[in-house]
Amino acid sequence: MNDRIRTDIAHNARVWNYWLGGKDNYPVDRAVGDQVTRFYPSIGEVARADRAFLGRVVTGLAADAGVRQFLDIGTGLPTADNTHEVAQRAAPDARIVYVDNDPIVLTHARALLTSAPEGVTEYVDADAREPGKILAAAGTTLDLTRPVAVMMLGILNFVLDTDEARRIVRTLMDAVPSGSYLVLTHPTLEPELGGEGNRDAMAFWNENATPPITARSRAEFTSFFEGLELLEPGIVSCSRWRPASEEAYVVAQFGAVGRKP
């Protein structure tokens, strides 16, 4: 076992895996996950909505927008319909680079490195706070002179300083050309999305699990898209971003996609 893996404290990637019905988690992750659910009963719906949002966005970008390159930062543990599977279903020649710094994700990375013969997948062991390192490593697989979809689903909430989070986004988007996309999801306490329950759940998380997490307001989330053109329907609950059904429930997780002009 990787000696960086801690089994005595809950970790986000494993708890998220638990909420999605996966098996790559430990008793401490399940215990914390269950307690968070008691504070915030819809957290499982948030996890599933976030994953469904990924599927809709990647399918649309690959099938309709012609995107053939995806940089997925904060990959998490492999589950069903990972980015490369969704993208290469629509475009077998798509190239995907996954980025994460969680050691248990690294041990499972081989599951992410399967690829359609026409395409490529690669994995980079790096922290989201190291955009320069990420870009240098990704540039060996992706052509950064051609459009890239930069995906950061549920990851900027682990960058506690909002100015630092903005700098990360700006560095990444400055490095990719016109026609590239930024795809984000982020938890919020906004009451319009039912986020009040997140407050106690996040406080419990920060006392009992790692890494620490923060919520952001609509204005803060919007600031990440400065200089980009928001795709319709703009900034909404990720479950309401071009939903498969008009009856899509609302979760306290913003989702949006911006295009670099």
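Our structure is the block above this text.
None of the values given here were measured: they were computed from a predicted structure.

Caption draft 1: Looking closely at the overall build of the protein chain. In terms of regular secondary structure, the protein chain is built from 9 helices and 10 strands. In summary, the protein chain has a C-alpha radius of gyration of 17 Å against a globular reference of 18 Å for 261 residues, a match within 12%. Taken along its principal axes, the extent of the C-alpha atoms in the protein chain is 45 × 45 × 35 Å. Buried positions account for 53% of the 261 residues belonging to the protein chain.

Caption draft 2: Structural view of the side chain of D72. Structurally, the position occupied by D72 is in strand β2 (residues 69-73). Buried charge D72 goes without a salt bridge, the closest partner of opposite sign being R51 at 6.8 Å.

Caption draft 3: Spotlight on unusual backbone geometry. Cis rather than trans, the peptide bond between T210 and P211 has omega equal to -10°. Looking at the secondary structure, you find P211 in the loop between β7 (209-210) and α9 (218-223). The omega torsion across E232 and P233 is 10°, close enough to zero to call that bond cis. When you line up the elements, P233 lands in the loop between β8 (229-230) and β9 (236-237). Of note, the phi angle at R242 is positive, near 45°, even though the residue is not glycine. On the secondary structure map, R242 appears in the loop between β9 and β10 (253-259).

Caption draft 4: Quick look at the pattern of salt bridges. Overall, the coordinates contain 7 salt bridges when judged by the stated rule. For D29, the salt bridge is made with R14, and the minimal N-O distance between the two is 2.6 Å. Here D29, found in helix α2 (residues 27-39), pairs with R14, found in helix α1 (residues 12-19); they are 15 residues apart in sequence, far enough to count as distant. Here D29 and R14 have matching classes, each one buried.

Caption draft 5: Focus on the environment of P131. Here P131 is to be found in helix α6 (residues 131-138). For P131 and E246, which are 115 residues apart along the polypeptide, the C-alpha to C-alpha distance reads 37 Å. Here P131 is in contact with I168, T171 and L172, once residues within four sequence places are set aside.

Caption draft 6: Just α2, in detail. When the terminal C-alpha atoms of α2 are compared, their 19 Å separation across 13 residues agrees well with the 18 Å that a helix rising 1.5 Å per residue should span. Taken as a whole, α2 has its buried residues at D29, V32, G33 and V36. All buried residues of α2 fall inside an arc of 105° around its axis, so they share one side. Projecting away from the buried face of α2 at angles above 90 degrees are the exposed residues P27 and R38. Contact partners of the buried residues in α2: β1 (10-11), α1, α3 (43-63), α8 (198-208) and β7.

Caption draft 7: Local environment of the nonpolar core. Core analysis: the largest hydrophobic core is formed by 86 residues, its most contacted members being F70, L71, I73, V150 and M152. The leading source of residues in this core is α3, at 10 residues. With residues up to four places along the chain from it excluded, the contact list for V150 reads L71, I73, L172, M173, V176, Y181, L182 and V183.

Caption draft 8: Main features of the packing of aromatic side chains. As enumerated under the stated definition, the model contains 6 aromatic pairs in all. When the ring of F53 is compared with that of W241, the centres are 5.7 Å apart and the planes differ by 80°; the resulting orientation is edge-to-face. Of this pair, F53 sits in helix α3 while W241 sits in the loop between β9 and β10; the two residues are 188 residues apart in sequence, bridging distant segments of the chain. Taking the relative accessible area as the measure of exposure, F53 reaches 0% and is therefore buried. Relative accessible area serves as the criterion here: at 3%, W241 is assigned to the buried category. Ring centres of F221 and F224 lie 6.5 Å apart, and the angle between their planes is 90°; this geometry places the pair in the edge-to-face category. The buried category is assigned to F221, whose relative accessible area is 0%.

Caption draft 9: Up close: helix α7 (residues 162-174). Helix length check: α7, at 13 residues, gives a terminal C-alpha distance of 18 Å against a target of 18 Å (1.5 Å per residue), a fit within 8%. For α7, the full list of buried residues reads T162, A165, I168, V169, L172 and M173. Within α7, the buried residues cover an arc of 120° as seen down the axis, which keeps them to one side. Residues of α7 that are buried make contact with β2, α6, β5 (149-153), β6 (181-187) and α9.

What counts, and where the lines are drawn
- By convention here, each chain's residues receive numbers from 1 onward along its written sequence.
- Under the rules for a predicted model, residues below a pLDDT of 70 receive no local features and side-chain atom pairs below 80 are neither given nor counted, while totals for whole chains, interfaces and linings still include all residues.
- Values shown for side chains rest on all heavy atoms present in the structure; no hydrogens or waters enter the calculation.
- By definition, any uninterrupted DSSP run of H or I lasting at least four residues is a helix, any uninterrupted run of E lasting at least two residues is a strand, and each is numbered from the N terminus.
- Each radius of gyration reported is based on C-alpha atoms, and the globular scaling rule is 2.2 Å times the count of residues to the power 0.38.
- In this scheme, a residue with accessible area under 20% of its type's maximum is buried, one over 50% is exposed, and one in between is partly exposed, where area comes from a 1.4 Å probe on protein chains only.
- Charge counting treats Lys and Arg as positive and Asp and Glu as negative, with His and both chain ends excluded.
- For this analysis, a salt bridge means a side-chain nitrogen from Lys or Arg found within 4 Å of a carboxyl oxygen belonging to Asp or Glu.
- By the convention used here, residues are in contact when the closest approach between their heavy atoms is within 4.5 Å.
- How far a helix is expected to stretch is found by multiplying one less than its residue total by 1.5 Å.
- The directions from the helix axis to the C-beta atoms are what the arc is built from.
- Definition of nonpolar core: a set of buried residues of the types Ala, Val, Leu, Ile, Met, Phe, Trp, Tyr and Cys, connected through side-chain atoms within 4.5 Å.
- Between rings of Phe, Tyr and Trp, where Trp is taken as its six-membered ring, a pair exists when centres lie within 6.5 Å; planes separated by under 30 degrees are stacked, by over 60 edge-to-face, and by other angles tilted.

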